[in-house]
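If you want the building blocks of each chain, they are given just below.
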Amino acid sequence: MSRSAALIAAHRGGAREVAENSRAAFRHAIALGADQVEFDVHRTADGGLAVLHDATLERTTTGTGPVAALELDEIRRLRLRDRPEETAPTFEEVLDLLAPAAIGLRVEIKAGVEFRRYAGIETAVVAALRARGLLERSVITSFLLPILEAAAAAGAPRLLWLVAPIVQASLGSTARLTDLARAAGVGELGLHIDRLDAATVASVRAAGLEIGAWAAHEDAQIAKALELGLSVFTTDRPSAALAGRRARLAGARDAR
């Protein structure tokens, strides 16, 4: 696919179209033909892996308190608030659902409450992906470079640093971002779509890294992500993003 046709990742399966991080959302992303599906992983009290966005349970499930306070079997009995017919999925369940589909995996390894890292989560995530033959089609992402460094040490071949706007602002230059990424063995940056422009894209690529965006949810943000020729972007509205890409490619063909 050309630079003008960025890969589209269904964020949490497409969080504005189907309940986030639900089995239904992942099936939705597959059915749409999204290039990648993005989802989040936390570690439970007994070392299990659960697919939930928040470090605490209240917003998205019928549970309360930190994910890390419950064992995996307790998590998997909780109902999703926006899709009560479903329970909270485990990482292994999501991998088994996605494995037969021709879709890339974008696995965000999360930190716990107060951004505390989960001991050994990176090794467990990489091992589960490897066991199912999914490691090569997966990108491990995180906002925390130490998590990515640990994932690299565990054998993850593709790493993407999600850069928070406050981190981007505090570092002050794209060169400092790319230097840190390369030092950590990271091959791709993901910046908030509102903090990206053509000069930043060119600067990141000149440093030998790929560049993508996160939070491209509104029509204008999706259009911007497509216009910038990014490698990939995540969106809560994969249906709109895929339609926008099709229209853009059709327009390019008609203009020849």
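Scroll up a little and you will see the structure.
Residues numbered from 1 in each chain as written. Predicted model: local features only at pLDDT ≥ 70, side-chain atom pairs only at ≥ 80, totals over all residues. Heavy atoms only, no water.

Asks: Go over the packing of aromatic side chains, please, and point to the residues and values.
Replies: A full pass over the atoms with the stated rule returns three aromatic pairs. Judged by centre distance (6.1 Å) and plane angle (45 degrees), the rings of F39 and F91 are tilted. Here F39, found in strand β2 (residues 36–43), pairs with F91, found in helix α3 (residues 91–98); they are 52 residues apart in sequence, far enough to count as distant. Each member of the pair, F39 as well as F91, is classed as buried. One aromatic cluster in this structure is built from F26, F39 and F91. (Phe/Tyr/Trp six-rings, centres within 6.5 Å; stacked < 30°, edge-to-face > 60°. Helix = DSSP H or I, 4+ residues; strand = E, 2+ residues; numbered from the N terminus. Buried < 20%, exposed > 50% of the residue type's maximum accessible area, 1.4 Å probe, protein only.)

Asks: Any chance you could break down the pairing of strand β6 (residues 104–109) for me, citing the residues and the numbers?
Replies: Judged by how many residues are buried, β6 sits mostly within the fold: six of six residues are covered. Judged by which residues are buried, β6 turns out to be covered on both faces: G104, R106 and E108 on one side and L105, V107 and I109 on the other are all buried. Here β2 pairs with β6 via six bridges, running parallel. Bridge assignment links D40 to a residue of β6, and that residue is E108. Read as a crossover between parallel neighbours, the route from β6 over helix α4 (residues 121–131) to strand β7 (residues 138–142) is right-handed. (Pairing = 2+ DSSP bridges. Right-handed = clockwise from strand over helix to strand, strands pointing away.)

Asks: So what about the nonpolar core? Which residues, and what values?
Replies: Ranked by size, the top nonpolar core spans 63 residues in total, and within it F39 and F91 carry the most contacts. The leading source of residues in this core is α4, at six residues. Ignoring sequence-local partners within four residues, the contact set of F91 consists of F39, V41, L49, A50, V51, V107, V125, A128 and L129. Core analysis: the second largest hydrophobic core is formed by 10 residues, L52, V67, L72 and L80 among them. (Core = buried A, V, L, I, M, F, W, Y, C linked by side-chain atoms within 4.5 Å. Contact = heavy atoms within 4.5 Å.)

Asks: Which residues make up the packing of helix α9 (residues 219–227) against helix α10 (residues 238–254), and what values do they have?
Replies: Each packed pair of helices is defined by two parameters, the angle between the axes and the distance between the axes. Look at α9 against α10: their axes get within 10 Å of each other, and the N-to-C directions meet at 45 degrees. Comparing their axes, α10 and α9 come out oblique. At the point where α9 passes α10, the crossing takes the right-handed sense. Where α9 approaches α10, its residues I222, L226 and E227 are matched on the opposing element by A240, A241, G244, R245 and R248. (Axes fitted to C-alpha atoms, helices over the stretch in contact; angles between N-to-C directions. Parallel < 35°, antiparallel > 145°, perpendicular 65-115°, else oblique. Left-handed = near helix turned anticlockwise from the far one by under 90°.)

Asks: Hey, could you go over the packing of α3 against α4 for me, with residue numbers and the actual values?
Replies: Packing of α3 against α4 brings their axes to within 11 Å, and their N-to-C directions diverge by 30 degrees. Comparing the axis directions of α3 and α4 gives the class roughly parallel. Two packed elements cross with a definite hand, and for α3 against α4 that hand is right-handed. Of α4, the residues touching α3 (which contributes F91, E92 and L95) are V125, A128 and L129. The residue makeup of the contact of α3 with α4, split by class, is five nonpolar, no polar and one charged. (Nonpolar A, V, L, I, M, F, W, Y, C, P; charged D, E, K, R; others polar.)

Asks: Could you give an account of the environment of L209, with specific residues and numbers?
Replies: Within the secondary structure, L209 sits in the loop between α8 (198–206) and β10 (210–214). Put simply, L209 and A181 are 28 residues apart on the chain and 8.6 Å apart in space, counted from C-alpha to C-alpha. Excluding residues within four positions of it along the chain, L209 makes contact with T178, A181, R182, V186, G187, L189 and V204.

Asks: How would you sum up the pattern of salt bridges? Please name residues and give values.
Replies: Counted by the stated rule, this structure contains 19 salt bridges. The residue R245 makes a salt bridge to D35 at a minimum N-O spacing of 2.6 Å. A residue pair is termed long-range when its members are at least 10 positions apart, and R245 in helix α10 and D35 in the loop between α1 (23–32) and β2 qualify at 210 residues. Look at R245 and you get buried, because its relative accessible area is 9%. Among the salt bridges present, the one from E122 reaches R117, with a minimum N-O distance of 3.2 Å. (Salt bridge = Lys/Arg side-chain N within 4 Å of Asp/Glu carboxyl O.)

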